[in-house]
Amino acid sequence: MASTTSAGRVSAGEHASSAGDAAPPGAPTAPANATAPGNTPSAAPLPAGRTGRGGLLARVRAARADAASRPAYARPALLAILALAAVLFAWDIQHSAFHTFYAETARSMAESWHAFLFGSFDPGSSITIDKLPGFLWPQALAVRIFGFHPWALTLPQVIEGVLSVAVLYRAVRRWAGEHPALLAAAAFAVTPAIAGLFRTPVEDPAFTLCVLLAADATLRAARTGRLRPLVAAGVWVGLGFQAKMLEAWGVLPALGLLYAFSAPTALRRRLAHLSVAGAVCLAVSASWVLLVTFTPAKDRPYVDGTTNNSAVSQVVGYNFLNRFSSVSVSAADTGSVAVSTMAGSAPAPPTGRSRPTAAQWLKMFAPSLVSQIGWLYPAAALAAVCGLVWRRGRPRTDPVRAGFVLWAVWLATYFLVFSAGAIGGHTYYMGVLAVPLAALFGAGTVQFWRAWLRGGRRRAWALPTVVVATVAWSAALARLFPTFLPWLAPATVTLGAGALVLMARARAGRTAGAGPGAVRRRTAVLGLVTGLVAMLLPSAAWASSVLDPEYGHSGMGSTGPVANWHRLAAERAAAARLAAHRPRRSDGAKPNPNAGAGAATSARGRSPAKSAAASPDGSGLTTVQQQLLAYTRAHQGGARYLFATTSWRTASPYILHAGAPVLPMGGFTGTAPTPTAAGFRELVVTGQLRYVVLGGPATDPGRAIAPWVRAHCDRVPGQAHQLYRCGPAPAAARPAPGR
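Residues numbered from 1 in each chain as written. Predicted model: local features only at pLDDT ≥ 70, side-chain atom pairs only at ≥ 80, totals over all residues. Heavy atoms only, no water.

## Some points on the overall build of the protein
- On a plain count of helices and strands, the protein comes out with 27 helices and four strands.
- Residues counted as buried form 57% of the 739 residues belonging to the protein.
- Put simply, of all contacts in the protein between residues at least 6 apart along the chain, 75% involve residues at least 24 apart.
- In the form shown here, the protein has an accessible surface area of approximately 27,700 Å², with 65% of it arising from carbon and sulfur atoms. (Helix = DSSP H or I, 4+ residues; strand = E, 2+ residues; numbered from the N terminus. Buried < 20%, exposed > 50% of the residue type's maximum accessible area, 1.4 Å probe, protein only. Contact = heavy atoms within 4.5 Å. Areas by Shrake-Rupley, 256 points an atom, 1.4 Å probe, with all protein chains shown as cover.)

## Remarks on the state of the cysteines
- A full pass over the atoms with the stated rule returns one disulfide.
- Here Cys713 pairs with Cys726 through a disulfide, and the sulfurs are 2.0 Å apart. Disulfide Cys713 to Cys726: torsion about the S-S bond roughly 105°, handedness right-handed. Residue Cys713 is located in the loop between α26 (700–712) and β3 (714–715), and its partner Cys726 is located in the loop between β4 (722–725) and α27 (728–733); the two are separated by 13 residues in the primary sequence. When sorted by exposure, Cys713 lands in the same class as Cys726, which is buried. (Disulfide = S-S within 2.5 Å.)

## Let's talk about the packing of helix α9 (residues 204–224) against helix α11 (residues 252–262)
- At a minimum axis distance of 9 Å, the contact between α9 and α11 shows a crossing angle of 5°. Judged by the inter-axis angle, α9 sits roughly parallel to α11. Within the contact between the two elements, α9 uses Ala214, Ala215, Thr218, Leu219, Ala221 and Ala222 and α11 uses Leu255, Leu258, Tyr259 and Ser262.
- Grouping the constituent residues of the contact of α9 with α11 by class yields eight nonpolar, two polar and no charged. (Axes fitted to C-alpha atoms, helices over the stretch in contact; angles between N-to-C directions. Parallel < 35°, antiparallel > 145°, perpendicular 65-115°, else oblique. Nonpolar A, V, L, I, M, F, W, Y, C, P; charged D, E, K, R; others polar.)

## Some remarks on empty space enclosed by the protein
- Per the stated rule, a full pass over the model turns up seven cavities of 30 Å³ or more.
- Reported here for the largest cavity is a volume of approximately 80 Å³.
- Taken together, 15 residues make up the lining of the largest cavity; nearest its centre are Arg199, Thr200, His553, Ser554 and Gly555.
- Class assignment of the residues belonging to the lining of the largest cavity gives a composition of four nonpolar, 10 polar and one charged. (1 Å grid on protein atoms, 1.4 Å probe; cavity = no way out; pocket = protein on both sides within 12 Å on 5 of 7 lines; lining within 4 Å. Points joined across faces, edges and corners; volume = space filled by probe spheres on them.)

## Notes on the sheet that holds strand β2 (residues 691–694)
- With mixed pairing, four strands are arranged side by side in an open sheet as β1-β2-β4-β3. Every other strand in the sheet has two partners, leaving β1 (644–645) and β3 as the edge strands with one partner each. (Pairing = 2+ DSSP bridges.)

## Thoughts on the pairing of β4
- In this structure, β2 lies alongside β4, joined through four bridges in antiparallel fashion. Opposite Leu694, over in β4, you have Gln722 as the bridge partner.
- Two strands pair when backbone bridges link them, and β3 and β4 are joined in this way by two bridges, in the antiparallel orientation. Bridge pairing links Asp714 to Arg725 in β4.
- Counting the residues in the hairpin turn of β3 and β4 gives six residues, including Gly718, whose phi is positive at 80°.

## Here's the deal with the pattern of salt bridges
- Scanning the entire structure with this criterion turns up 12 salt bridges.
- With a closest N to O distance of 2.7 Å, Arg170 and Asp216 form a salt bridge. Note that Arg170 is positioned in helix α6 (residues 150–176) and Asp216 in helix α9, a separation of 46 residues in sequence.
- With relative accessibility at 41%, the residue Arg170 sits in the partly exposed group.
- Among the residues examined, Asp216 registers a relative accessible area of 1% and is labelled buried.
- The partner of Lys244 in a salt bridge is Asp204, with the nearest N and O atoms 2.9 Å apart. Here Lys244 is found in helix α10 (residues 227–244), whereas its partner Asp204 is found in helix α9, with 40 residues between them in sequence.
- Here Lys244 falls in the buried class, since its relative accessible area comes to 8%. (Salt bridge = Lys/Arg side-chain N within 4 Å of Asp/Glu carboxyl O.)

## A few points about the environment of Ile655
- In this fold, Ile655 is placed in helix α24 (residues 648–658).
- Taking the C-alpha atoms as reference, Ile655 lies 7.5 Å from Ser108; in sequence the two are 547 residues apart.
- Non-local contacts of Ile655, meaning those with residues more than four positions away in its chain, are made with Glu104, Arg107, Ser108, Phe121, Asp122, Pro123, Ala660 and Val662.

Written out as structure tokens, the structure is:
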């Protein structure tokens, strides 16, 4: 008999088997509170439009009844999973790596609300970060409250991670019931990419939390046919856009299909609801872009990543077209810079008009990525296929089938997006893929378990098949890294074999009719638990590597030896590119071909002083850098900037460790046309800038301005740096750079 709440709502996870799925006589059965998406009929939807006091009381009564129906171990199990997640995410965060470019921006944003709003890279608000700044708002607030420390930058991601685990649990529980939710939350928390993601101060933690909240709201909307939770989902996707831009919209096909196919209301009403929610999503997504667009350029920082100072170009060109060659549109045609490598690195060839190779399409199976995200590929794939095929013929509003549609489409969409796009070593991108993988694993495992208990030849094969496939796949992945956890593959295979033996004994005992049912059930449950351990152990072992200082702070969200692998490969590639191109420095001197190789480990590499807490006195700076900082501060006068540098990488340590208002040139790539020759001269004429430091990585504005500085400004003696003092009067009388 179905368990029905006092509000008239039937939880999908608490239904009994339908007549067609009834277990054969004498078969062992799961506990009454076990959930089974594989045999759960459609839930009765709540009446739409209930408001007021009655609706609130009904919801309170429903929540109480729902809590009473949960097994006693559910809450302690959830708390244990959340505690495990918190340990993995927060371990040793006092020594977190500075994600240099982002950390400097967070510090600058904490200096003023103007910089906070626009996402200024430098404290003087001359240029924005090359992304939308939404993901940095929590970090900037943490810096403003606690001061600038590694742990303060990482703490928001830890909180976002624990909340993500809780929201995934709630969403899967709403969809499939208690046991799938607990399994999904556990699988999500011990996914290596997740363990690395939520201890790394980058954009994906906030983005992952936002799309999870959107999925939870859409599941609620699809069960009830109500507009309000669907609008909330649109808001969450829009906020996700502030963190990850167009990637947030990748979840819209899954959310839209979920509601369009299963909401218990007329088609016209469903389409109207989707239109309203879509409009809300678009409005929230475009809010920061519109703010920048309608703010006069003189009253805001220059938009990095663009040649036309447009936030639209930053989003569409620089952060989308530059990464997706398959669309065959050049980012330069949209007002974006056409490269995405950092200043001083040899520019990668533009990808706008080339197509990815077959090897690039298979990148999700490459060792560096599959080891972070792919341990449950077989289980999730089998769960999605069986969940959709086994529930064919159900009513359109069947919520369990709709959930399988949601997670399967989500997984397929992002799998294809990442296969087509340029993601490099950015392991933290994989967080959004871990969500559907974990959800499908949780629901699929319970689905297979119930089918196995019922017996028969049609579906009982699925549980041993998923154990064998996942264990074999995991052992093969572990063997790709033979020196890392060499015991992992043998242990996984041993546990998997033990699970199969236990399940076979339980089935044989039932078939022969020997032994009491309780013994057979315990054997079956022991086999299931052993199989779960075998399937989750490899992923959990890799995730636990974050507890080891050698692997704990990769800066790219990776776990295990992948971080070192990426770092060494990037250093070799960077050194080779620099040696081949030998770009001229801004001061005209020939560069050292090995210079910058270590800094080029990634586009958002770690700071050399990754564990040092920065302070206003610049204690994280070298002696030479401290001398330059002290001199320019003593002679700053009323200037807006202490000094200008020809690259953000030269300005980086002064912003990171001292919060100094240093003017960088060229943006992240070194090709953004800021400051212009006229703009630079204006800063000097008006007294906003007195000092310029030449040298360092080459940038386009630096090349244009350096000759004029040498010709018209005075070299400051006694400084190790090429420090020049530019006076307002001579600058006004002399020709501008390039003229």
